[in-house]
Amino acid sequence: IMFDTNKYKDLWKYLRGESRPVVLYGGGNGADKVLDRCLELGLEVRGIFASDGFTQKADGRRRQFRSMTVLSLAELETMYPENDYAVLLCFGSSLPDIIGAVERVAERHELYVPDMPVTDEKEIFDAALCRKNADKLRAARELLADDESRMLYDRLITARLSGSLPALLSAASDECNRWKPFSPESYRAAADLGAYSGDTARELLAVSPRLERLYAFEPDSRTRRRLARTVDGLNAEYPSCAIDTVTAAAWSTDGSLAFTAHGNRGSGGFRPSSPNDRDEDIIDARALDSVLDGARVDYIKYDVEGCEREALLGSADTICRCLPELRLSLYHRPCDMWELPLLLHDIYPKYRMHLFRPRCLPAWETELCAAAR
């Protein structure tokens, strides 16, 4: 494949060239990011709407978003009957009912799914970034072991650049292939880096009958409380597996980080701590190599909110020593799609790499699934 990004529609370039106003669909952190991008590019934002059940607060007052009243779709269409605007989706979901509702809006209006960084990253996945990294894009694609993964890679690039809803929904894997490259029935020990509330630990235990030890990393104190409740239940359900909760962020070395938690999945941010940080913002950081201290693992999952590069580096010795099967998130930062496969190849070049992504909006949940040859 030739990554000639000139042949793809770049959503932001298209909107600037059309000089069309936009309206936002959905609120919250995603709408903040999309609105800030629009303001940065000088795009007129005509308003914001949400599903009918989200236009009012519990006390009946209308919701406001950055000085705009959150409208229903019917109110928006009455206010602007000429339909001379583009709709930008500002939230994510994997629920079929929600995706169906978005598709119905797209049948009535020109709707796009902007690609915004999950973290506080300022860089945007656009044609300029892809042109700058075309060689790396191509090299990372060539590391993928099967045609299905390469096709998924191509569709994701097209969808992320263009914001096309049909392209994004077509960039999805069959759910039955989620564990296809792996052999979970043989796992004795595993590490869940970014355990969140324990959902992925539960999934892993359900398919790994021989699992004896699980290391669950989670730095966010609020999330850890939910994780602790889940672990209590898992201990009762799977008594043969010891679950070690590591109250630290997965990182390249042991130390401390400044952590900003926003209370929902994919919204935390990490950076090396400094003397000016408040004590309550400081968390422990651990390298998996240090935590294991020579112990073996058969499987590692990385979903660490944009710190996958550091977490990979902090487990490089374990990877080379144990050759565990790996599940690595590729969507938190714009460059993850090429930087992380290339980094893994540098750490140990004999991994076979595949892509997996469930059907969801926006281009989240993309995973690199790797098993040693």
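All of these numbers come straight from a predicted model, not from anything done at the bench.

(A) Representation of the overall build of the chain. If you tally the helices and strands in the chain, you get 14 helices and 17 strands. Compactness check: the chain gives a C-alpha radius of gyration of 22 Å against a globular reference of 21 Å for 373 residues, within 12% of the reference. Across its three principal axes, the chain shows a C-alpha extent of roughly 65 × 55 × 45 Å. Within the chain, counting contacts between residues at least 6 apart in sequence, those at least 24 apart form 71% of the total. Within the structure as shown, the chain displays about 16,900 Å² of accessible surface, and the carbon and sulfur contribution to it stands at 48%. Averaging the positions of the 50 positive and the 60 negative side-chain charges in the chain gives two centres separated by 1 Å.

(B) Region of the structure containing helix 9 (residues 199–207). Among all positions in helix 9, only Thr200, Ala201, Leu204 and Leu205 are buried. Down the axis of helix 9, the buried side of the element spans an arc of 135 degrees, and every buried residue falls inside it.

(C) Geometry of the pattern of salt bridges. Tallied over the full model, the rule gives 22 salt bridges. With a closest N to O distance of 2.3 Å, arginine 20 and glutamate 110 form a salt bridge. Note that arginine 20 is positioned in the loop between helix 1 (11–18) and strand 1 (22–25) and glutamate 110 in the loop between helix 4 (96–108) and strand 6 (111–112), a separation of 90 residues in sequence. Arginine 20 gets classed as buried once you look at its relative accessible area, which sits at 12%. On the accessibility criterion, glutamate 110 (25% relative accessible area) is partly exposed. With its nearest N and O atoms 2.7 Å apart, the salt bridge here joins lysine 301 to aspartate 192. Here the residue lysine 301 occupies a position in strand 14 (residues 299–302), and aspartate 192 occupies one in strand 7 (residues 189–193), the gap between them amounting to 109 residues. As far as burial versus exposure is concerned, lysine 301 and aspartate 192 are alike and both buried. Via salt bridges that share partners, Arg178, Glu203, Arg327 and Glu367 belong to a single interconnected network.

(D) Broad picture of the sheet that holds strand 9 (residues 242–246). One open sheet accounts for 7 strands, arranged 9-8-7-14-15-17-16; its pairing is mixed. With partners counted over all chains shown, the strands left at the sheet margins are strand 9 and strand 16 (351–356), one partner each. Ignoring strand direction, the axes of neighbouring strands in this sheet form an average angle of 15 degrees. As paired strands, strand 7 and strand 14 are joined by 4 bridges and run parallel to one another. The residue bridging alanine 190 from the neighbouring strand is tyrosine 299, located in strand 14.

(E) The arrangement of the side chain of threonine 230 in detail. Inspection of the secondary structure assignment puts threonine 230 in helix 10 (residues 221–237). On the basis of relative accessibility, which here comes to 16%, the residue threonine 230 falls in the buried class. The residues touching threonine 230, leaving out its near neighbours within four places in the chain, are Ser197, Gly198 and Arg202.

(F) Quick peek at helix 7 (residues 147–162). An ideal rise of 1.5 Å per residue puts 22 Å on 16 residues; helix 7 measures up with 23 Å between its terminal C-alpha atoms. Here helix 7 has its buried residues at Ser149, Arg150, Leu152, Tyr153, Asp154, Leu156, Ile157, Ala159, Arg160, Leu161 and Ser162.

(G) Inspection of the sheet that holds strand 1 at higher detail. Spatial strand order, 3-4-2-1-5-6: 6 strands in an open sheet with mixed pairing. Edge positions in the open sheet fall to strand 3 (64–65) and strand 6, since each of these has one partner strand only. For strand 2 (residues 45–49) and strand 4 (residues 68–71), the ladder comprises 2 bridges, and the chain directions are parallel. Looking across to strand 4, one finds that isoleucine 48 is bridged to valine 70.

(H) Quick peek at the pairing of strand 17 (residues 367–372). Most of strand 17 sits out of view: 5 of its 6 residues are buried. As defined by bridge partners, strand 15 (residues 325–329) adjoins strand 17 across 4 bridges and the pair is classed as antiparallel. Residue pairing across strands places arginine 327 opposite cysteine 369, the latter belonging to strand 17.

Calculation rules
- Residues numbered from 1 in each chain as written.
- Predicted model: local features only at pLDDT ≥ 70, side-chain atom pairs only at ≥ 80, totals over all residues.
- Heavy atoms only, no water.
- Helix = DSSP H or I, 4+ residues; strand = E, 2+ residues; numbered from the N terminus.
- Rg over C-alpha atoms; globule rule 2.2 N^0.38 Å.
- Contact = heavy atoms within 4.5 Å.
- Areas by Shrake-Rupley, 256 points an atom, 1.4 Å probe, with all protein chains shown as cover.
- Lys, Arg positive; Asp, Glu negative; His and termini not counted.
- Charge placed at Lys NZ, Arg CZ, Asp CG, Glu CD.
- Buried < 20%, exposed > 50% of the residue type's maximum accessible area, 1.4 Å probe, protein only.
- Arc of directions from axis to C-beta.
- Salt bridge = Lys/Arg side-chain N within 4 Å of Asp/Glu carboxyl O.
- Pairing = 2+ DSSP bridges.
- Axes fitted to C-alpha atoms, helices over the stretch in contact; angles between N-to-C directions.
- Expected span 1.5 Å × (residues − 1).

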